[in-house]
Amino acid sequence: MNAWSATVLTLFPEMFPGPLGISLLGKALEKNLWSLDVRDIRQHGLGKHRTVDDTPAGGGPGMVMRADVAAAAIDAVERQGRPLIYLSPRGTPLTQGRTRALSEGPGAVLFCGRFEGLDQRVIEARQIEEISIGDFVLAGGEIAAMALIEAAVRLLPGVLGDAASIEEESFSSGLLEYPHYTRPQSFEGRTIPEVLNNGNHKEIARWRRAQAEHLTSERRPDLWANRQKGQKP
Ligand code: SAH
């Protein structure tokens, strides 16, 4: 089987691998546990200046990425069964569930927008899925693509040392994670909760569970409500 592979379409290929080449993900990249293929959209730009954008139809500020240029860049990629995704603030918010599904597939082809975004017609014509990484606006899709790749790749077998840590962490069970502590035993007068020192693993698990539930209901009533409804995270 081929390793999980990401193809990124961007106007700034020099941004990659950037943070994706560091630490555990970087080592996994070296070991070919996943692969990264970065394509410069400008190679499909028009004319001497390799133009990729134009003024918005109907007027208004900024520039829009041209449908024909974007389509040429997209069509030059071998999809190999991978979903085609446009990182966009208007997209479906990325969740751990979607991230896990992506990590279990063959990879992803990610189109990074710039300027005001991409001409609507290419989104429709190529049936591009739109994914947002949150309700805020970035200057471009590159950091969003990196966030998606990092979240998916860390779930691949062999990338993180300890698979159990993935099972327990925030969102995996629809709950935020319980708080962590380590040495020293006392920090500025604050001690580690007593239960964590007593070696009773059942009791520790019960305490952590209660903490996770409390945190989730306090901080994320939305997640908590989904959980009460029995919805999968
Ligand atoms: N005018 C657009 C914003 C464009 S931001 C709007 O109001 O919807 C430029 C590019 O950054 C977008 O094309 C997209 O690729 C990327 N981007 C910005 N915010 C993002 C987010 N929250 N999630 C994913 N991509 C985002």
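Residues numbered from 1 in each chain as written. Predicted model: local features only at pLDDT ≥ 70, side-chain atom pairs only at ≥ 80, totals over all residues. Heavy atoms only, no water.

Peer 1: I tried to follow the overall build of the protein chain on my own but got confused; where do I start?
Peer 2: The number of helices and strands found in the protein chain is eight helices and nine strands. Within the protein chain, the fraction of its 233 residues that count as buried is 36%. Partitioning the intrachain contacts of the protein chain with sequence separation of at least 6 by distance along the chain shows that 74% fall at a separation of at least 24. Working note: accessible area of the protein chain is about 13,800 Å², and carbon and sulfur atoms make up 51% of it. (Helix = DSSP H or I, 4+ residues; strand = E, 2+ residues; numbered from the N terminus. Buried < 20%, exposed > 50% of the residue type's maximum accessible area, 1.4 Å probe, protein only. Contact = heavy atoms within 4.5 Å. Areas by Shrake-Rupley, 256 points an atom, 1.4 Å probe, with all protein chains shown as cover.)

Peer 1: Quick question: what am I supposed to make of the domain arrangement of the protein chain here?
Peer 2: A common way to report how large an interface is uses the accessible area buried once the components associate. In terms of domain boundaries, the protein chain breaks down into domain 1 (4–153) and domain 2 (164–228). Relative placement of domain 1 and domain 2: their C-alpha centres are 35 Å apart. (Domains from an automatic or database assignment.)

Peer 1: Sorry, what's going on with the sheet that holds strand β2 (residues 34–40) here?
Peer 2: Remark on secondary structure: sheet strands pair via backbone hydrogen bonds, oriented parallel or antiparallel. Spatial strand order, β2-β1-β6-β5-β7: five strands in an open sheet with parallel pairing. Two strands bound the open sheet, and with one partner strand each, they are β2 and β7 (129–132). Ignoring strand direction, the axes of neighbouring strands in this sheet form an average angle of 35 degrees. In the packing of helix α5 (residues 142–153) onto the sheet, the strands contacted are β1 (4–10), β2, β5 (84–93), β6 (107–112) and β7, and the crossing angle to β1 comes to about 175 degrees. (Pairing = 2+ DSSP bridges. Axes fitted to C-alpha atoms, helices over the stretch in contact; angles between N-to-C directions.)

Peer 1: Which parts of the structure should I look at to understand helix α3 (residues 96–104)?
Peer 2: Residues that lie three or four places apart on an α-helix share one face, since the helix turns once every 3.6 residues. Those residues of α3 that fall on the buried side of the exposure criterion are Gln96, Thr99, Leu102 and Ser103. Seen along its axis, α3 keeps its buried residues to an arc of 120 degrees; they face one direction. Residues of α3 that are buried make contact with β1, β5, β6 and α5. (Arc of directions from axis to C-beta.)

Peer 1: Would you mind going over the pairing of β5 with me for this structure?
Peer 2: Bridge count between β5 and β6: four bridges; the pairing is parallel. Residue Leu84 lies in a different strand from β6, and its bridge partner there is Val109. Relative to β7, β5 runs parallel, the two being bridged by five bridges. Bridge pairing in β7 links Pro93 to Ser132.

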